[in-house]
Amino acid sequence: MTELEGKVAIVTGGSRGIGQAIAVALAEAGARIAVVSRQAQGAEAAAAQLPGSGHAGFACDVADASAVAATLSRIESDIGDVGILVNNAGITRDNILVRMKDEEFDEVIAANLKGAFNFTRAVTRGMMKRREGAILNISSVVGLTGNAGQVNYAASKAGLLGLTKSVAKELASRGVRCNAIAPGFIRTDMTGELTEAQVETLRSQIPLGTLGEPQDIAGAARFLVGPGARYITGQVLAVDGGMVM
Ligand code: NAP
């Protein structure tokens, strides 16, 4: 028996990139997965490709609280009670501070930070009742360090760390754990637009000498939501090739 057998896990932004790799890793560990993304087709296709059975895809914008509540009801009736939540959905709208538009700031906070709040608030009622649950938020190293040209994104990712620690403190006595991963630079669509020269510069700042792969985040995620991490809560794990120490 694998360690997540019988568990239901929601992975937001699970249709591609890091979220898809996390969905695969949790499915390999035996969980049934609800893949959530805005595009139904992407979510359904990703769910259909997962190992094992009992998975399904759901179209939902995490920034929309009423859509999140409705999606959770569908997940519970189609798949079962949710024991694991991975808040991974995220976007960038980069710009220098003086040129940043209100919409660029608001959209990033809504998807990256409010989205995680929406899903966390929705699932925790059931988790508290069952006195069991694991929540994992995908932040970023720029939430720890800041980054020029990303005030909106870095603020959303730093906000996720405050959310993580507050949820961990509030729900520990109810058997619910909450942790975060701060990925460094990982090869996905999000980083796909970097030029070779930018990638070279980045590499020189990474002690392990290379960008990461989505599977590098997925391995850490499988550990943090599983029984091997049962005494770990409120922590931020940087998975970044040693960039931030
Ligand atoms: P990605 O390849 O761009 O994938 C983003 C995923 O999120 C897609 O499945 C997308 O599907 C979904 N999504 C975006 N907005 C959504 C919304 N409002 N509601 C529901 N789903 C939404 O991104 P990634 O590189 O894998 O990044 C995943 C997470 O890791 C993000 O939170 C990102 O900030 C974080 N991260 C990435 C890196 C990196 O180097 N790649 C580094 C640090 C942190 P739809 O478009 O269909 O909605």
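Quick note: structure is the one above.
Fair warning: this is a prediction, and the values are worked out from it, not measured in the lab.

Bringing the packing of helix H1 (residues 17–28) against helix H8 (residues 214–225) into the picture now. At a minimum axis separation of 8 Å, H1 and H8 run at an interaxial angle of 45°. With respect to H8, the axis of H1 lies oblique. Crossing angle aside, the handedness with which H1 passes H8 is right-handed. Here Gly17, Ile18, Ala21, Ile22, Ala25, Leu26 and Glu28 of H1 lie close against H8, whose contacting residues are Pro214, Gln215, Ile217, Ala218, Ala221, Arg222 and Val225. When the residues that make up the contact of H1 with H8 are grouped by side-chain class, the tally is ten nonpolar, two polar and two charged.

Moving on, we come to the site of the ligand. In the neighbourhood of the ligand, 29 residues make up the surrounding shell, with Ser15, Arg38, Asn88, Tyr153 and Thr188 lying closest. Interatomic distance of 3.4 Å between a side-chain N/O atom of Ser37 and an oxygen atom of the ligand. With respect to the ligand, the side chain of Tyr153 contributes an N or O atom lying 2.5 Å from an oxygen atom. For the ligand, the protein covers 96% of the area, taking 890 Å² as the surface of the free molecule. Elements with a minimum of two residues in the shell around the ligand: H1 and helix H6 (151–171). Looking at the shell around the ligand residue by residue, the class counts come to twelve nonpolar, twelve polar and five charged.

Turning to empty space enclosed by the protein, a few remarks are in order. A complete count under the given rule lists one cavity of 30 Å³ or more for this structure. Approximately 60 Å³ is the volume found for the largest cavity. Along its surface, the largest cavity is lined by 13 residues, and Asn87, Ala89, Ala111, Asn112 and Ala116 are the ones closest to its centre. Elements with a minimum of two residues in the lining of the largest cavity: helix H4 (102–130) and H6. Ranked by the residues each element gives to the lining of the largest cavity, the list is headed by H4, at five residues.

A separate point is unusual backbone geometry. Even without a glycine there, the phi angle at Arg131 is positive, about 55°. Here Arg131 is to be found in the loop between H4 and strand E5 (133–138). Judged by its relative accessible area of 51%, Arg131 is exposed.

Looking at where Val108 falls in the secondary structure, it is placed in helix H4. On the accessibility criterion, Val108 (0% relative accessible area) is buried. Here Val108 is in contact with Ile91, Thr92, Arg93, Leu113, Asn152, Tyr153 and Ser156, once residues within four sequence places are set aside.

Reading guide: rules and limits
- Residues numbered from 1 in each chain as written.
- Predicted model: local features only at pLDDT ≥ 70, side-chain atom pairs only at ≥ 80, totals over all residues.
- Heavy atoms only, no water.
- Axes fitted to C-alpha atoms, helices over the stretch in contact; angles between N-to-C directions.
- Helix = DSSP H or I, 4+ residues; strand = E, 2+ residues; numbered from the N terminus.
- Parallel < 35°, antiparallel > 145°, perpendicular 65-115°, else oblique.
- Left-handed = near helix turned anticlockwise from the far one by under 90°.
- Contact = heavy atoms within 4.5 Å.
- Nonpolar A, V, L, I, M, F, W, Y, C, P; charged D, E, K, R; others polar.
- Near = heavy atom within 4 Å.
- Polar contact = N/O pair within 3.5 Å; in protein donor to acceptor, adjacent residues only side chain to side chain.
- Areas by Shrake-Rupley, 256 points an atom, 1.4 Å probe, with all protein chains shown as cover.
- 1 Å grid on protein atoms, 1.4 Å probe; cavity = no way out; pocket = protein on both sides within 12 Å on 5 of 7 lines; lining within 4 Å.
- Points joined across faces, edges and corners; volume = space filled by probe spheres on them.
- Buried < 20%, exposed > 50% of the residue type's maximum accessible area, 1.4 Å probe, protein only.

Nothing here speaks to function; it is all geometry.
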